[in-house]
Each structure stands twice: as C-alpha cells, then as structure tokens.
Amino acid sequence: MMHPVVVCHGGVQSVSDLNSTVVHEAATAGYQILANNGSALDAVVESVRVLEDCPALNAALGSNLQLDGVVRCDAGVMTSSGHYGACIGTSIIKNPILLAKEIVHHRVNLLHGQYADKFGKDKGLAAVDNSYFKVEKRLSRWKDSQTLAGCDTVGAVAIDKDGLLAAASSTGGLTTCIPGRVGDSAISGQGLAVDPEIGAITATGTGEFIAKQCTSKDVLQKIKYLKLDPLTAAKETFQEYKTQFREDAIAAIFVSNDGVPCIYAESDSLEWAVVGDKFNASGFHNHDKNLFATS
C-alpha cells in the first residue's frame, strides 16, 4: 500500500506577502482526506480550496485585477487515471477549483468565462459578486500599476493509498492584464501535468513563458525519457526557462508515483508544505536555498 502525501505551494511571491501558516494548513486539510481513505483528487481540491480562501494569496479571494478592474480566475485539476477539468476566466464562482473538479465529471475538459460561471451555478456551486475577490492590497496595486505584475499561483499535488496521482492549480493571473487573458495555470502540460509512470507536478511563474515552454510537461518528459531525477530535471528545465525568457521567478512542486515529494524553486521565495504518512514539514524557498528535496 502506498503511503499518502500532499505537497502544496502558495506561489512565487515576496516574503512580505507570505502567510506563514496557510500553506501548511492546506496540506494538512488535503492529507486528512487521504488519511480517511479519500482520493488524491479530493485531497488536492481541498488543499487548493483552502488556499483560495486566503486573501494573502493570488487565487480566488485576493486575486489580481485585470485591466478593466474585474477579477477573472483560472483553475485546473488532473489525475493519473486520465481525468482533467479546467475553468478559465470565471468571475463569480467563489472557489474556481471546485468548478474545475465539477468539470472533470463531464465530457468537456475546459470551460471559459460566462459559460463556466453558468455551469458552476447550475451545479449548485457558491456564487459571489466580483467585489468579493478584491482585497485592498490588490486594489491598490491595480490602481498604481502601469505594467503587468504578479505571477502567483497556488497548487497542490498528491498520491493516495491506491497510488492515484493528482495535481491542482488555481490563480488570479496578472495585474492589469488584457481582459480575457489566459495563463498557464489551468492548462494541461503547462501549469500542471500528471503521468502515471512518473508523477504529478504543478508549476508557478509567469504564465506566458510557462505556456511557451510547457514547463510541467517538459520536467516530466526529462524524468521519463532522459532518466533524470526530478530535481535535476526541474533544474535543467528552469535554466532553459531563465535563459530563453530572462525571467527568474519560477518554481514547481512534485510527487513521484512511488510517493516521494520534492520542491524546486528559482525565485525570491516560495512557501511550501509537505504532509503525509511519513512527512510533516513546511518552509520557504529563496535564492540562497533554492534546492530542496524531501525523501
């Protein structure tokens, strides 16, 4: 029997923005589901839901505002059994990750904008006014910003006792981006990826660059075909990212198909947490400690 574990992150952020407990709380919430024989899918969704409800993070409550002053959120979830669901540009569903999970159970993979919102409401998901998502910090940044800012995403990966892998990701996107912008976070192979032979991964950074590189898929392919260990694969992929796009803020969390978690960051800071049968740890990544593995 596999030893279940959940890994979470709170996004690539400055230290002053970090909430020092919520990421560990999110991982713990996900692990409680696994400890009660729940699925990896339910675990990552619950972990991300907790992160979405934290106003300090850029996902759902506390999201960045687009150029027109509207918050539009993206979320996605995948499993090693072939399930994938994602929503893009949702503006009234309180927890976009719950909408992504609901989409998993239907033939469609991805819904956008008002159609995603309507689908969520029809399924009984909680809906809110768009003002719910807007916290003072994000409003001030939107009013003062003349350029694109913010590249934060929240995410979780997990494996359950049956060996099912899952990954989930949610984001409020970039401040002052063009309305309707689609980032990487919810897109298969970009912001998240799962391979039953390798593991589950979610990445966080500037979406336009991650989308061009297909960062999450690239890391998994390096592990699978070049036989690299996860940290080396992530390091090589991130170095290619930095060289091509001249961008430093990128990180990823990963759990292997045999239940080994790891974190790699090339960023100013990344808050992470690992909770499982054999793990209970949390902390920060930054440039002077940018290589970390738990085994």
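Residues numbered from 1 in each chain as written. Predicted model: local features only at pLDDT ≥ 70, side-chain atom pairs only at ≥ 80, totals over all residues. Heavy atoms only, no water.

**Student:** Let's hear about the side chain of Ser185: which residues, and what values?
**Tutor:** Locating Ser185 in the fold gives a position in the loop between strand S6 (165-171) and strand S7 (192-195). Separated by 3.2 Å, the side chains of Ser185 and Thr153 make a polar contact. Setting aside residues up to four positions removed in sequence, Ser185 forms contacts with Thr153, Ser169, Thr171, Gly191 and Leu192. (Helix = DSSP H or I, 4+ residues; strand = E, 2+ residues; numbered from the N terminus. Polar contact = N/O pair within 3.5 Å; in protein donor to acceptor, adjacent residues only side chain to side chain. Contact = heavy atoms within 4.5 Å.)

**Student:** For the packing of aromatic side chains, give the residues involved together with the corresponding values.
**Tutor:** By the definition in use, this model includes three aromatic pairs. The interplanar angle of 75 degrees and the centroid separation of 6.2 Å between the aromatic rings of Phe209 and Tyr241 together place this pair among those described as edge-to-face. Note that Phe209 is positioned in helix H6 (residues 207-213) and Tyr241 in helix H8 (residues 230-245), a separation of 32 residues in sequence. (Phe/Tyr/Trp six-rings, centres within 6.5 Å; stacked < 30°, edge-to-face > 60°.)

**Student:** Give me the lowdown on unusual backbone geometry, citing residues and values where you can.
**Tutor:** Positive phi outside glycine occurs at Asn37, with the angle close to 70 degrees. With respect to the element layout, Asn37 can be found in the loop between helix H1 (22-35) and helix H2 (40-52). Not every positive phi belongs to a glycine, and Cys214 is a case in point at roughly 50 degrees. Turning to its location among the elements, Cys214 is positioned in the loop between H6 and helix H7 (215-225). The exposure class of Cys214 is partly exposed, given its relative accessible area of 29%. (Buried < 20%, exposed > 50% of the residue type's maximum accessible area, 1.4 Å probe, protein only.)

**Student:** Help me get a handle on the pattern of salt bridges, residues and values and all.
**Tutor:** One pass over the structure, following the stated rule, counts 12 salt bridges. Here Asp53 and Arg49 are joined by a salt bridge, their closest N and O atoms 2.9 Å apart. Look at Asp53 and you get partly exposed, because its relative accessible area is 25%. Using a relative accessible area of 23% as the deciding quantity, one classes Arg49 as partly exposed. Shared partners join several salt bridges into a network, and the residues in it are Glu46, Arg49, Asp53 and Lys94. (Salt bridge = Lys/Arg side-chain N within 4 Å of Asp/Glu carboxyl O.)

**Student:** Could you give me a rundown of the pairing of strand S8 (residues 199-205), with the residues and numbers involved?
**Tutor:** The side chains of a regular strand alternate, first on one face of the sheet and then on the other. Summarising burial for S8: seven of the seven residues are buried, a large majority. Because side chains alternate across S8, one face comprises the buried residues Gly199, Ile201, Ala203 and Gly205, and the other comprises Ala200, Thr202 and Thr204, equally buried. Once S7 ends, the chain turns through three residues before running back antiparallel as S8. In terms of strand pairing, S8 meets strand S9 (residues 250-256) through seven bridges, oriented antiparallel. Bridging from a neighbouring strand, Gly205 pairs with Ile250 of S9. (Pairing = 2+ DSSP bridges.)

**Student:** Which residues make up helix H3 (residues 96-104), and what values go with them?
**Tutor:** Note: α-helices contain 3.6 residues per turn, so residues at a spacing of three or four share the same orientation. All of the buried residues in H3 are Pro96, Ile97, Leu99, Ala100, Ile103 and Val104. The buried side chains of H3 occupy one side of the element, clustering within an arc of 155 degrees when seen end-on. (Arc of directions from axis to C-beta.)

**Student:** A description of the nonpolar core should follow, citing residues and the corresponding values.
**Tutor:** Grouped together as the largest cluster of nonpolar side chains are 41 residues, with contacts concentrated most on Val6, Val44, Val77 and Leu99. No other element matches the eight residues that H2 contributes to this core. Look past the residues within four positions of Val44 in its chain and what remains in contact with it is Val77, Ala156, Val157, Ala158, Ala166, Ala167 and Ala168. Of all hydrophobic cores here, the second largest spans 27 residues; its members include Val5, Leu165, Ala265 and Phe279. (Core = buried A, V, L, I, M, F, W, Y, C linked by side-chain atoms within 4.5 Å.)

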